[in-house]
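Below, each chain spelled out in residue letters.
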Amino acid sequence: MQSLFDINPKQIAEARVLVHLACQPLSRAARANRVAESDDSHSSFGWHAGYNALVTLPLGQAQRFQLGFGFSDVSVLWFEEDRIVDRLHVGDSDELGLNAWVDHHLVRAGLVSIAEAQMPYTLEATPDFATLADMDREVRILGDWFGVAHAVITEIVRAFGEIAVRPPSIRCWPHHFDLAVLLQLDEGDAEVARSVGVGLSPGDEHYDQPYFYCSPWPVSEATVLPELPSPLRWHTRGFTSALALAVDLHSGDDFGDLLARSVENALRVLGVGREG
């Protein structure tokens with residue numbers, strides 16, 4: 001965990017933007033080659049601790065192929081039956097080259113081109129992947145944040161998963177690039193059902209650094225938010241969430257306990273009690 005703080009967390013912001021952009025054609029490949037899910041999870045990534053990588057769900061009817069982004073060597077990865085068989089160092093490519101590399105593997109495997117996928121969102125940034133050639137350290141630390149977050153969120157699922165009405169799944173969402181789990185408390189439409197979202201954002205338009213978050217839903221302006229212990233704080237602009245910013249954390253902090261206390265407070269906001 002010490003590696004997370006080898007540099008100021010705000011210094012990974014540029015690497016985070018570029019890695020986020022590099023993951024877009026991988027998500028597009030999943031959109032083109034998987035059945036669409038109502039929650040958009042078909043386009044999401046899982047965390048593969050063994051490869052220190054974000055990895056798509058299996059592609060195509062045979063379910064033999066996957067794409068991923070490896071943080072250890074700043075590369076996009078092509079998997080066959082959970083084995084890496086090819087990689088492209090992103091710093092040696094550009095956007096067109098990355099798209100062509102992905103399509104080459106998709107077509108060779110008898111899958112559908114990313115050109116067939118319609119993206120429901122746009123990202124404003126234009127990638128200059130060449131700058132990643134000098135960002136190995138920043139990308140590695142970014143991957144460490146994802147790895148630590150996956151371990152901590154897994155603890156949350158073990159501790160609170162029984163309150164969810166459906167099995168929680170930890171996914172990285174390609175639009176906002178957060179690694180998160182949704183604990184849905186009521187049956188029905190997730191847009192109206194009570195829920196608690198728990199995750200890590202590697203940084204975004206709100207904060208130029210990683211942060212853990214815990215979001216109760218639904219809330220309104222009239223919702224009474226309990227006081228939070230330091231270093232947690234409430235964010236209420238655009239979304240309501242208990243946050244812990246990276247700059248307020250230290251290598252010796254118990255991130256699991258911090259998130260568990262966030263979940264308890266989120267449940268309190270929603271009027272949900274737990275036995276024991």
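Reading the values: the criteria
Residues numbered from 1 in each chain as written. Predicted model: local features only at pLDDT ≥ 70, side-chain atom pairs only at ≥ 80, totals over all residues. Heavy atoms only, no water. 1 Å grid on protein atoms, 1.4 Å probe; cavity = no way out; pocket = protein on both sides within 12 Å on 5 of 7 lines; lining within 4 Å. Points joined across faces, edges and corners; volume = space filled by probe spheres on them. Helix = DSSP H or I, 4+ residues; strand = E, 2+ residues; numbered from the N terminus. Nonpolar A, V, L, I, M, F, W, Y, C, P; charged D, E, K, R; others polar. Phe/Tyr/Trp six-rings, centres within 6.5 Å; stacked < 30°, edge-to-face > 60°. Buried < 20%, exposed > 50% of the residue type's maximum accessible area, 1.4 Å probe, protein only. Core = buried A, V, L, I, M, F, W, Y, C linked by side-chain atoms within 4.5 Å. Disulfide = S-S within 2.5 Å. Axes fitted to C-alpha atoms, helices over the stretch in contact; angles between N-to-C directions. Left-handed = near helix turned anticlockwise from the far one by under 90°. Contact = heavy atoms within 4.5 Å. Pairing = 2+ DSSP bridges.

Peer 1: Where do I start with the layout of surface pockets in this structure?
Peer 2: The rolling of a water-molecule-sized probe over the atoms marks out the regions of remaining empty space. Here the largest pocket is characterised by a volume of approximately 1600 Å³. Together, 39 residues line the largest pocket, and Trp173, Asp178, Leu182, Gly197 and Tyr213 are the ones closest to its centre. Where the lining of the largest pocket is concerned, the elements lending two or more residues are strand 7 (179-184), strand 8 (195-201) and strand 9 (211-217). Residues belonging to the lining of the largest pocket are distributed by class as follows: 15 nonpolar, 15 polar and 9 charged.

Peer 1: Help me understand the packing of aromatic side chains in this model?
Peer 2: Between two aromatic rings, the relevant description is the distance of the centres plus the angle of the planes. Going through the model one piece at a time under the given rule, you end up with 13 aromatic pairs. Taken together, a centroid distance of 6.5 Å and an interplanar angle of 10° make the contact between tryptophan 145 and phenylalanine 255 stacked. Here phenylalanine 255 lies in helix 5 (residues 255-269) and tryptophan 145 lies in helix 4 (residues 136-160), a separation of 110 residues in the sequence. Judged by its relative accessible area of 2%, phenylalanine 255 falls in the buried class. Ring pairing ties together the aromatic residues Trp47, Phe69, Phe71, Phe146 and Phe177, which thus form one cluster.

Peer 1: Help me understand the nonpolar core, please; the structure alone is not making it clear to me.
Peer 2: Nonpolar side chains tend toward joint burial in soluble globular proteins. Of all hydrophobic cores here, the largest spans 73 residues; its most connected members are Phe69 and Trp145. Per-element tally for this core: the top contributor is helix 4, with 11 residues. By size, the runner-up hydrophobic cluster in this structure holds 6 residues, among which are Tyr207, Tyr213, Leu243 and Leu245.

Peer 1: Honestly, the state of the cysteines in this entry has me stumped. Any pointers?
Peer 2: Think of a disulfide as a covalent bridge from one cysteine sulfur atom to another cysteine sulfur atom. A full pass over the atoms with the stated rule returns 0 disulfides. Cysteine 23 forms no disulfide, and the closest cysteine sulfur to it belongs to cysteine 172, at a distance of 6.9 Å. No disulfide involves cysteine 214; its sulfur sits 18 Å from that of cysteine 172, the nearest cysteine.

Peer 1: Looking at this model, I keep getting lost on unusual backbone geometry. Mind explaining?
Peer 2: Working note: non-glycine residues mostly have negative phi, and peptide bonds are mostly trans. Cis geometry marks the peptide bond from tryptophan 217 to proline 218; its omega dihedral reads 0°. Note that proline 218 resides in the loop between strand 9 and strand 10 (233-235). Of the consecutive residues serine 230 and proline 231, the connecting peptide bond is found in the cis state with omega at 10°. Counting through the fold element by element, proline 231 comes out in the loop between strand 9 and strand 10. The residue aspartate 40 is not glycine, and still its phi comes out positive at about 70°. Mapped onto the elements, aspartate 40 comes out in the loop between helix 2 (24-33) and strand 1 (45-48). Residue aspartate 40 is classed as partly exposed on the basis of its relative accessible area, which comes to 24%.

Peer 1: Would you explain the packing of helix 2 against helix 3 (residues 95-108) in this entry?
Peer 2: The geometry of helix 2 relative to helix 3 is characterised by a closest axis approach of 10 Å and an angle of 35° between their N-to-C directions. Helix-helix and strand crossings are classified by hand; for helix 2 and helix 3 the assignment is right-handed. Contacts from Pro25, Leu26, Ala29 and Asn33 in helix 2 reach Leu98, Asn99, Val102 and Leu106 in helix 3. Of the residues in the contact of helix 2 with helix 3, the class split is 6 nonpolar, 2 polar and no charged.

Peer 1: Before we go on, may I ask you to explain the pairing of strand 7 in this structure?
Peer 2: For a regular strand, side chains alternate in direction, first toward one face of the sheet and then toward the other. For strand 7, a buried count of 5 out of 6 residues is recorded, marking the element as mostly surrounded by other parts of the structure. Pairing between strand 6 (residues 171-172) and strand 7: 2 bridges, direction antiparallel. Paired with arginine 171 across the strands is alanine 180, a residue of strand 7. Counting the residues in the hairpin turn of strand 6 and strand 7 gives 6 residues, including phenylalanine 177, whose phi is positive at 70°. When strand 7 meets strand 8, the two strands line up antiparallel, connected through 6 bridges. Looking across to strand 8, one finds that valine 181 is bridged to valine 198.

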